[in-house]
Amino acid sequence: MSSVFDKSFENLVLQLETPGIAVLILNRPRALNALNSATLRELRVALMGLAEDSTVRVVVFTGEGEKAFIAGADIAEMKDLSPGDGVAFAQSGHEVAKLLETMPKPVIAAVNGFALGGGTEMALACDFIIASEKAVFGQPEVGLGIIPGFGGCFRLARAVGLPRAKELIYSGRRVKADEAMAIGLVNHVLPAEGFLKAVIEHARTIAGQSASAVSKAKSLMVEFTEAMGLNTKIDAEAHAFGRLMGSFDQREGMGAFTEKRKPNFQGLTNV
Ligand code: DAK
């Protein structure tokens, strides 16, 4: 069976770091890694492959170079879209964001520079964001006569609260790494030098846990919404917990604790 790591992409680079950390790099530096429709198609293929690849436990998503993570949707391509094409473009962006958000393993956005418009939106669809000190976030769409089209209108509010999201979307104001940290948009701010290596170290901590347990926790946290009743959440969590009891990783994790040794987990399984 062919691996996603054997596929060739025009605008993406995929690397595998041990143990089971995939580094997905958006590679269009001449356009500051802006998202055109060809890149969105490639991202869909790569993310579906990474979701299915059982050797991959954590994905780190970043941009090539020091200047940009993703400078937004490709304005040169987008400017002449018809309303119908606009819907198709938005749908393909939503599909990529949904894959990032729901794949059965964590995706860390390693934001190394500009993350504007669709760039902030793709980072928000990841499990969490680690920013370089050079990172700059923003939703400048209203200055282009459009609105955030890849989920910014709901994911930004979820991260920073509705009043802050409204201010940022209505004004298009850019937010540097230190402010992003203060408002809860990012989990950590790290030095630009050695940034990717440092993010991979964070990923290693997650990759060393039970992949099945991490995956189960992710799916619950993605499914749980404010609108869902408390009892529904309690019931879903209790049943997910019950399914993990008796699994290989549960016996191994608790056995290792009592035997005072490191656990040797099985990898992602369907529990
Ligand atoms: N699209 C296309 N090309 C871009 C780009 C972008 N978003 N951002 C930068 N580039 C290109 C520049 O055109 C330039 O190309 P050349 O002129 O060299 O050929 C090259 O990258 C380098 O950029 P600059 O020369 O501008 O570099 P600077 O350091 O001076 O400035 C910058 C960096 C990031 C501040 C600046 O490039 C900039 O402001 N870029 C645009 C950022 C932006 O506005 N991003 C938001 C895009 S809108 C929807 C679907 C999706 C969306 C909305 C709706 N639906 C269908 C409903 C999402 C919208 C967006 O993301």
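Now for a description of the structure that goes with this document. (Residues numbered from 1 in each chain as written. Predicted model: local features only at pLDDT ≥ 70, side-chain atom pairs only at ≥ 80, totals over all residues. Heavy atoms only, no water.)

So, helix α8 (residues 195–207)
Each α-helix turn comprises 3.6 residues. Residues three or four places apart therefore point the same way.
Line of reasoning, step 1. With 13 residues, α8 ought to run about 18 Å at 1.5 Å a step, and its terminal C-alpha atoms sit 18 Å apart, in line with that.
Line of reasoning, step 2. Residues Phe 195, Val 199, Ile 200, Ala 203 and Ala 207 constitute the buried set of α8. Around the axis of α8, the buried residues are gathered within 125° of arc, so they sit on the same side. Residues of α8 that are exposed and point over 90 degrees away from its buried face: Lys 197 and Thr 205.
Line of reasoning, step 3. Of the surrounding secondary structure, the elements contacted by the buried residues of α8 are β1 (12–17), β2 (21–26), β3 (58–63), β5 (107–111), β7 (128–132) and β10 (188–190). (Helix = DSSP H or I, 4+ residues; strand = E, 2+ residues; numbered from the N terminus. Expected span 1.5 Å × (residues − 1). Buried < 20%, exposed > 50% of the residue type's maximum accessible area, 1.4 Å probe, protein only. Arc of directions from axis to C-beta. Contact = heavy atoms within 4.5 Å.)

Some details on the site of the ligand
Line of reasoning, step 1. Surveying the vicinity of the ligand reveals 26 residues, the closest of which are Lys 67, Ala 71, Ala 73, Ile 75 and Gly 118.
Line of reasoning, step 2. Within the contact set of the ligand, an oxygen atom lies 2.7 Å away from a backbone nitrogen or oxygen of Ala 73.
Line of reasoning, step 3. At 2.8 Å from an oxygen atom of the ligand is found a main-chain nitrogen or oxygen belonging to Gly 118.
Line of reasoning, step 4. For the ligand, the accessible surface in isolation is 1100 Å², of which the surrounding protein chains cover 64%.
Line of reasoning, step 5. In terms of residue count, the dominant contributor to the shell around the ligand is helix α3 (residues 83–102) (three residues). (Near = heavy atom within 4 Å. Polar contact = N/O pair within 3.5 Å; in protein donor to acceptor, adjacent residues only side chain to side chain. Areas by Shrake-Rupley, 256 points an atom, 1.4 Å probe, with all protein chains shown as cover.)

Focus on unusual backbone geometry
Line of reasoning, step 1. Cis geometry is found at the peptide bond from Thr 18 to Pro 19, where omega equals -10°.
Line of reasoning, step 2. Along the chain, Pro 19 turns up in the loop between β1 and β2.
Line of reasoning, step 3. Even without being a glycine, Asn 33 presents a positive backbone phi close to 60°.
Line of reasoning, step 4. Considering the arrangement of structural elements, one finds Asn 33 in the loop between β2 and α1 (37–52).
Line of reasoning, step 5. Of the residues examined, Asn 33 reaches a relative accessible area of 1% and is grouped as buried.
Line of reasoning, step 6. The phi dihedral of Lys 260 falls on the positive side, at around 55°, and the residue is not glycine.
Line of reasoning, step 7. Mapped onto the elements, Lys 260 comes out in the segment after α11 (248–258).
Line of reasoning, step 8. Looking at Lys 260, the relative accessible area reads 76%, which means it is exposed.

Observations regarding the nonpolar core
Line of reasoning, step 1. Within the largest apolar cluster, 52 residues are counted, with the highest numbers of intra-cluster contacts made by Leu 24, Phe 61, Met 122, Phe 137 and Leu 185.
Line of reasoning, step 2. Ranked by the residues each element gives to this core, the list is headed by α1, at six residues.
Line of reasoning, step 3. Excluding its chain neighbours within four sequence positions, the residues that come into contact with Leu 185 are Leu 124, Ile 129, Phe 137, Leu 156, Ala 159, Val 160 and Ala 180.
Line of reasoning, step 4. Formed by 14 residues, the second largest nonpolar core is a distinct cluster that contains Val 58, Ala 110, Ile 130 and Ala 203. (Core = buried A, V, L, I, M, F, W, Y, C linked by side-chain atoms within 4.5 Å.)

Observations regarding the environment of Phe 265
Line of reasoning, step 1. One can find Phe 265 in the segment after α11.
Line of reasoning, step 2. The spacing of Phe 265 and Gln 209 is 56 residues in sequence and 7.4 Å in space, taken between C-alpha atoms.
Line of reasoning, step 3. If near-sequence neighbours (up to four positions away) are discounted, Phe 265 is found in contact with Arg 57, Gly 208, Gln 209, Ser 210, Phe 248, Asp 249, Glu 252 and Gly 253.

Overview of the pattern of salt bridges
Line of reasoning, step 1. If you walk through the whole model with that rule in mind, you get twelve salt bridges.
Line of reasoning, step 2. One salt bridge connects Asp 74 with Arg 28, and the closest N-O pair in it is separated by 2.9 Å. Of this pair, Asp 74 sits in the loop between β4 (68–70) and α2 (75–78) while Arg 28 sits in the loop between β2 and α1, and the two are 46 residues apart along the sequence. Take Asp 74 and Arg 28: they sit in the same class, and that class is buried.
Line of reasoning, step 3. A salt bridge links Glu 167 to Arg 173; the nearest nitrogen and oxygen atoms lie 2.9 Å apart.
Line of reasoning, step 4. Relative accessible area serves as the criterion here: at 32%, Arg 173 is assigned to the partly exposed category.
Line of reasoning, step 5. Here the salt bridges do not stand alone but share partners, grouping Glu 101, Arg 155 and Arg 158 into one network. (Salt bridge = Lys/Arg side-chain N within 4 Å of Asp/Glu carboxyl O.)

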